[in-house]
Amino acid sequence: MELSVAQWLLVVCLVAFPLLYEWSVSFKYFCKMAFYNGWILTLAILAIPICAVRGRNVENMKVLQFMLLHIKYLYGIKIEVRGWENFNIKEPYVVVSNHQSSLDLLGMMEILPSRCVPIAKRELMYAGTAGLACWLAGVIFINRKKTDDAISVMTEAAETMLKEDVRVWVFPEGTRNHSGSLLPFKRGAFHLAVKAQVPVIPVVMSSYKDFYCKKERKFTTGKCTVRILPGVHTKGLSSDDVPELADRVRGMMLEAFSQMSSERPGKGPGGVH
Ligand SMILES: CCCCCC/C=C\CCCCCCCCCC(=O)SCCNC(=O)CCNC(=O)[C@H](O)C(C)(C)COP(=O)(O)OP(=O)(O)OC[C@H]1O[C@@H](n2cnc3c(N)ncnc32)[C@H](O)[C@@H]1OP(=O)(O)O
Ligand SMILES: CCCCCCCC/C=C\CCCCCCCC(=O)OC[C@@H](O)COP(=O)(O)O
């Protein structure tokens, strides 16, 4: 039996792909990231009609959460959560967390409280099917290039939180940061909490460096610890208190982050036993 050129090409690809995948760390990284984004875009196609039934509604976030929860198993990422009790607050609150990479979505979906929507950059709204799914789930989009617009959207969010019993999740670093520390915090999340007079609940995801590094193009299996810290109350605070509040919360998060980073896998609490 003679193989055509196309069939030969197919055979070569089928042999070369797994070999390259195992031999080249970078190739593996690109494949895993491409599949991550592609899979989310595909899942969104399924999520859109389900969410569309309710229209734009924060309850749709549960649909996205449910559909994204399995991804950690596909990638062999073990997520350990500590401090669940700190979410036991009935009133609305603002969650602030560190932002290392788009993989944060996995940790976020692991613990996302009910009726909680993230604040995201406006560009995400144009990310095809994922953008539409986010819009249907009530994600709040801000234009980072227009400070006044972003502030007015967040001020409106403070009213919505109280009127419609909604919680908001903000990444106060304002951008992804994989430097192994925390960037200075932007103050929007804290103005939001003070305006609504609701607590701020800090969440810290441990460093991904053991299993993921964009610079080194490394992406293996691994473990991440997510810590929910005790809420910080804002009752009675005014906008003058925001800088101190932001610094205090950043200090708490930095301490937790450093502590978690010094716990190596296999040693101490949170290690693989
Ligand atoms: C099943 C399939 C599913 C498919 C889809 C699934 C996908 C996803 C599911 C959903 C999950 C989505 C998750 C998405 C995560 C995306 C994360 C991001 O996009 S992070 C980037 C966006 N977020 C942020 O930027 C938040 C933090 N930023 C801020 O808080 C900023 O302050 C700002 C954006 C409000 C303004 O920034 P900037 O223009 O840089 O200006 P600043 O210097 O920060 O502020 C200027 C002064 O204004 C004061 N300020 C800020 N906010 C307020 C306010 N609300 N009220 C009053 N004043 C405010 C600020 O304090 C500054 O004044 P100063 O005197 O200097 O303190
Ligand atoms: C037809 C159009 C196709 C568009 C294709 C877009 C591909 C994107 C595919 C899937 C979306 C995955 C959703 C991941 C959500 C996480 C978002 C995220 O982490 O955004 C980064 C943002 O916080 C900070 O951005 P910068 O670090 O400032 O930058």
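Not measured: the values here are computed from a predicted model. (Residues numbered from 1 in each chain as written. Chains lettered and ligands numbered in written order. Predicted model: local features only at pLDDT ≥ 70, side-chain atom pairs only at ≥ 80, totals over all residues. Heavy atoms only, no water.)

**Some words on the site of ligand 1**
1) Next: Taken together, 33 residues surround ligand 1, and among them Lys121, Thr147, Lys186, Arg187 and Lys195 come closest.
2) Next: A distance of 2.8 Å is found between an oxygen atom of ligand 1 and a backbone nitrogen or oxygen belonging to Lys121.
3) Next: When ligand 1 is considered free in solution it has 1,400 Å² of accessible area, and contact with the protein chains removes 80% of it.
4) Next: Those elements that provide at least two residues to the shell around ligand 1 are α2 (25-52), α3 (60-68), α5 (104-111), β3 (116-121), α6 (128-136), α7 (147-164) and α8 (188-196).
5) Next: Here the residues of the shell around ligand 1 are counted per class, giving 23 nonpolar, five polar and five charged. (Near = heavy atom within 4 Å. Polar contact = N/O pair within 3.5 Å; in protein donor to acceptor, adjacent residues only side chain to side chain. Areas by Shrake-Rupley, 256 points an atom, 1.4 Å probe, with all protein chains shown as cover. Helix = DSSP H or I, 4+ residues; strand = E, 2+ residues; numbered from the N terminus. Nonpolar A, V, L, I, M, F, W, Y, C, P; charged D, E, K, R; others polar.)

**Concerning the layout of surface pockets**
1) Next: The space that makes up the second largest pocket amounts to roughly 470 Å³.
2) Next: Breaking the lining of the second largest pocket down by element, the ones donating at least two residues are β4 (140-142) and α7.
3) Next: No other element matches the eight residues that α7 contributes to the lining of the second largest pocket.
4) Next: Here the residues of the lining of the second largest pocket are counted per class, giving 14 nonpolar, four polar and six charged. (1 Å grid on protein atoms, 1.4 Å probe; cavity = no way out; pocket = protein on both sides within 12 Å on 5 of 7 lines; lining within 4 Å. Points joined across faces, edges and corners; volume = space filled by probe spheres on them.)

**Let's talk about the pairing of β3**
Moving residue by residue along a regular strand, the side chains alternate between the two faces of the sheet.
1) Next: By the criterion of burial, β3 is predominantly enclosed, with five of the six residues buried.
2) Next: With three bridges joining them, β3 and strand β5 (residues 167-170) adopt parallel strand pairing. Across the sheet, the residue bridging to Cys116 is Arg167, located in β5.
3) Next: Alignment of β3 against β4, held across three bridges, turns out to be parallel. From the neighbouring strand, Lys121 faces β4, where its bridge partner is Ile142.
4) Next: This β-α-β element, β3 to α6 to β4, shows right-handed connectivity. (Buried < 20%, exposed > 50% of the residue type's maximum accessible area, 1.4 Å probe, protein only. Pairing = 2+ DSSP bridges. Right-handed = clockwise from strand over helix to strand, strands pointing away.)

**Some words on the sheet that holds strand β9 (residues 222-228)**
1) Next: If you walk across this open sheet you meet the seven strands as β1-β9-β6-β2-β5-β3-β4, and the pairing is mixed. Lying at the two open borders of the sheet, with one neighbouring strand each, are β1 (77-82) and β4. Across this sheet, the average inter-strand angle for adjacent strands is 25 degrees, counted without regard to direction.
2) Next: Here α7 sits on the sheet in contact with β2 (94-97), β3, β4 and β5, set at roughly 160 degrees to β4.
3) Next: Here helix α9 (residues 242-262) sits on the sheet in contact with β2, β6 (200-205) and β9, set at roughly 25 degrees to β6. (Axes fitted to C-alpha atoms, helices over the stretch in contact; angles between N-to-C directions. Contact = heavy atoms within 4.5 Å.)

**A look at the site of ligand 2**
1) Next: Inspection of the region around ligand 2 gives Asn37, Ile40, Leu41, His99, Ser102, Lys121, Ala127, Gly128, Ala130, Arg144, Thr175 and Arg176 as its neighbouring residues.
2) Next: Between ligand 2 and the protein, one listed contact pairs an oxygen atom with a side-chain N or O atom of His99 at 2.6 Å.
3) Next: Separating an oxygen atom of ligand 2 from a side-chain N or O atom of Thr175 is a distance of 2.5 Å.
4) Next: Every element with two or more residues in the shell around ligand 2 is listed here: α2 and α6.
5) Next: It is α2 that provides the largest number of residues to the shell around ligand 2, a total of three residues.
6) Next: Considered class by class, the residues forming the shell around ligand 2 number four nonpolar, five polar and three charged.

**Section: the packing of α2 against α6**
1) Next: Viewed as axis vectors pointing N to C, α2 and α6 meet at an angle of 35 degrees, and their least axial separation amounts to 8 Å. The hand of the α2/α6 crossing is left-handed. Of the residues in α6, those touching α2 at Ile40, Leu41, Ala44, Ile45, Ile48, Cys51 and Ala52 are Thr129, Ala130, Leu132, Ala133 and Leu136.
2) Next: For the contact of α2 with α6, the class distribution of residues is 11 nonpolar, one polar and no charged. (Left-handed = near helix turned anticlockwise from the far one by under 90°.)

**Concerning the packing of α2 against α3**
1) Next: Between α2 and α3, the shortest axis-to-axis distance is 10 Å and the interhelical angle comes to 145 degrees. For the pair α2 and α3, the sense of crossing is right-handed. Counted together, Ile40, Leu43, Leu46, Ala47, Ile50 and Cys51 of α2 and Asn60, Val63, Leu64, Met67 and Leu68 of α3 form the full contact between these two elements.
2) Next: Its residues assigned to classes, the contact of α2 with α3 comprises 10 nonpolar, one polar and no charged.

**Here's the deal with the environment of Glu159**
1) Next: With respect to the helices and strands, Glu159 occurs in helix α7.
2) Next: Counting along the chain gives 113 residues from Glu159 to Leu46, while the straight-line C-alpha distance between them is 32 Å.

So, to be careful, I would describe these as geometric facts and stop short of saying anything about function.
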